[in-house]
Amino acid sequence: MLPGRRLVRVLPLLLSVLLAGCAVRPAGTDERDVRRAVAAWSRAVPAELSGIPVEDRVYEVAFVRRDGARALVRAELRYRLAGYDAAPAGSARELELVMDGGSWRVRADRPAPGALPQLWDQGPVSVVRGRHSLVLGGPGAPDLAGIAAEADRAVPAASSAWPQPWAGRVVVLVPGSLERMAELLGGTPDAYRGLGAVTTGRVGAGPAPADRVVVNPEGWAELGGAGRRVVLAHEVTHVATRAATTATTPLWLSEGFADWAAYRGGSTTPAQGAPALGRAVRRGEVPGALPPAEAFAFGGDPDAVARAYEGAWLACRLIADRWGEAALVRLYERAGREPLPVALEGALGVDPAGLTRAWQEALREQLR
C-alpha cells in the first residue's frame, strides 16, 4: 500500500475522533443550563416572597444572552396567589445570572425595561389575611388590618348587588406612598391624586384575570369611615363584574353600577351623593346625554369628573328603582356582549333616547 493511500484513510478516522470529543458539549448547552437555572429559581421561594401565598410560579423564557460568566434572561413571570387568583398574573422580568462554582445562579430578578414592577420590587411586603381578602402592604403602608376589615365588608356587599358567580374574595395592594402607587400602575402621581383606590385587570372574554385593588395611601387617609366603605365596595364590585365587562360595556354603566352597589342599602340621598351634579342642575345645566367615556378621565376638571360619576350612579339607581335590580344586572350582562340599544331593549324595553329622558327627569326631580 502506498503511503499516500494510508494517509487518506487515517485522516477521516482522526476527524471522527475529534468530532466525537466535541459532541460532549454541543452548541446550545450553555443556554440550556441557563434555562435550567431559571426553572430552579422559579421553584425556590426568594426572601422577598416570604409570607406571600405564591403558587404556580414559572418564568416563560423569551431569550437568553450570555457574556462569559454572566447571562441575561428576558422572561414572562406567571404566578397565582393561592386561594385568590382564578387566572395567573403576569409580569415581564429581566433576570441576571452568574456562573458560580460551575453552575449558573440567579443574582438579580427585576422588572424588564419598560415593564411595571411588582409590589415586592419596592421592598419587604407585609401580609394581612382577612375573611374574604388578602392585603399586601409595601414599606410604610398604613393600617393594613383596617383595610382588610373594610375589604371583608365590601365583598359581601358586592356579592349582594351582583348575584352572578365570582370568586368572592379580593387581593388589595397597599403601597407606601402615592408615588409608589403610580409606579405600580405605570402612571404619574397626579393621575391618582385624590383617589382612594383603583382596580387593575383586563376586560374581555376568557378566564377572569388576576385583579388587584390598589389603595392610594394619601387618598385613603383623607377619607372617613363611610367614604372608605364606599370606595372599597366600588372597587370590589369592579372585581366581581370583571368577567361580564368588555370593551363594549359603556363606562357610565360599569362605573355607575359600581357606585350603585357601593351605596346600595345605605341612606345616601341623590342630593348627598351627587353634589357637583346637583349644583349644575340647579343652574339649569341638565346633561344632554349620559356621560361619555372621556368624561371619566382623570387629570382634567375634577368637578366635571365628579359630575360624570354622579350621573352614572343616578342612571343605574334609576334603572334599579324603575325596572328592578334584576333588570339592571341583566342590562350589565347584555351590554358586555351586545350593542347598547339592543341590550336596553332586551333588558328594559326602552331605547337609549327613552332612558336618557327618564334620567334627565329624575335629575330635575331629585337634585332641584
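Use the structure listed above.
Reading the values: the criteria
Residues numbered from 1 in each chain as written. Predicted model: local features only at pLDDT ≥ 70, side-chain atom pairs only at ≥ 80, totals over all residues. Heavy atoms only, no water. Axes fitted to C-alpha atoms, helices over the stretch in contact; angles between N-to-C directions. Helix = DSSP H or I, 4+ residues; strand = E, 2+ residues; numbered from the N terminus. Parallel < 35°, antiparallel > 145°, perpendicular 65-115°, else oblique. Contact = heavy atoms within 4.5 Å. Nonpolar A, V, L, I, M, F, W, Y, C, P; charged D, E, K, R; others polar. Pairing = 2+ DSSP bridges. Expected span 1.5 Å × (residues − 1). Buried < 20%, exposed > 50% of the residue type's maximum accessible area, 1.4 Å probe, protein only.

Participant: Break down the packing of helix 11 (residues 302-322) against helix 12 (residues 325-335) for me, citing the residues and quoting the values.
Facilitator: Following both chains from N to C, one finds helix 11 and helix 12 inclined at 125°, their axes separated by 6 Å at the closest point. By the angle between their directions, the pair helix 11 and helix 12 is classed as oblique. Residue-level inspection shows C316, I319 and A320 of helix 11 in contact with helix 12, the latter providing E325, L328 and L331. Residue composition of the contact of helix 11 with helix 12, grouped by class: 5 nonpolar, no polar and 1 charged.

Participant: Go over the pairing of strand 1 (residues 54-67) with me, naming the residues and quoting the values.
Facilitator: Strand direction decides the pairing type here: strand 1 and strand 2 (residues 70-81), joined by 11 bridges, are antiparallel. Note on strand 2: the bridge partner recorded for R65 is L72. Where strand 1 folds back onto strand 2 in an antiparallel hairpin, the turn is made up of 2 residues, including G68, whose phi is positive at roughly 65°.

Participant: Give me the lowdown on the side chain of T199, citing residues and values where you can.
Facilitator: Along the polypeptide, T199 turns up in strand 8 (residues 197-199). Excluding residues within four positions of it along the chain, T199 makes contact with D211, R212, V213, E235, H238, V239 and R242.

Participant: Now, about the sheet that holds strand 8: what can you tell me, with residues and values included?
Facilitator: The strand order across the open sheet built from 5 strands is 5-6-7-9-8, with neighbouring strands paired in mixed fashion. Here the strands that pair on one side only, and so sit at the sheet edges, are strand 5 (126-129) and strand 8. Averaged over all neighbouring strand pairs, the angle between strand axes comes to 20°, with direction disregarded. As defined by bridge partners, strand 6 (residues 133-137) adjoins strand 7 (residues 170-174) across 5 bridges and the pair is classed as parallel. Counted as the bridge partner of G137 is V174 from strand 7. Running at roughly 150° to strand 6, helix 3 (residues 144-161) makes contact with strand 5, strand 6, strand 7 and strand 9 (213-215) of the sheet.

Participant: With reference to specific residues and values, describe helix 14 (residues 352-367).
Facilitator: Taking 1.5 Å per residue as the helical rise, helix 14 with its 16 residues ought to reach 22 Å, and the 22 Å between its terminal C-alpha atoms agrees with that figure. Among all positions in helix 14, only G354, L355, T356, A358, W359, Q360, A362, L363 and L367 are buried. Elements that come into contact with the buried residues of helix 14 comprise helix 8 (251-263), helix 9 (270-273), helix 10 (275-282), helix 11 and helix 13 (340-348).

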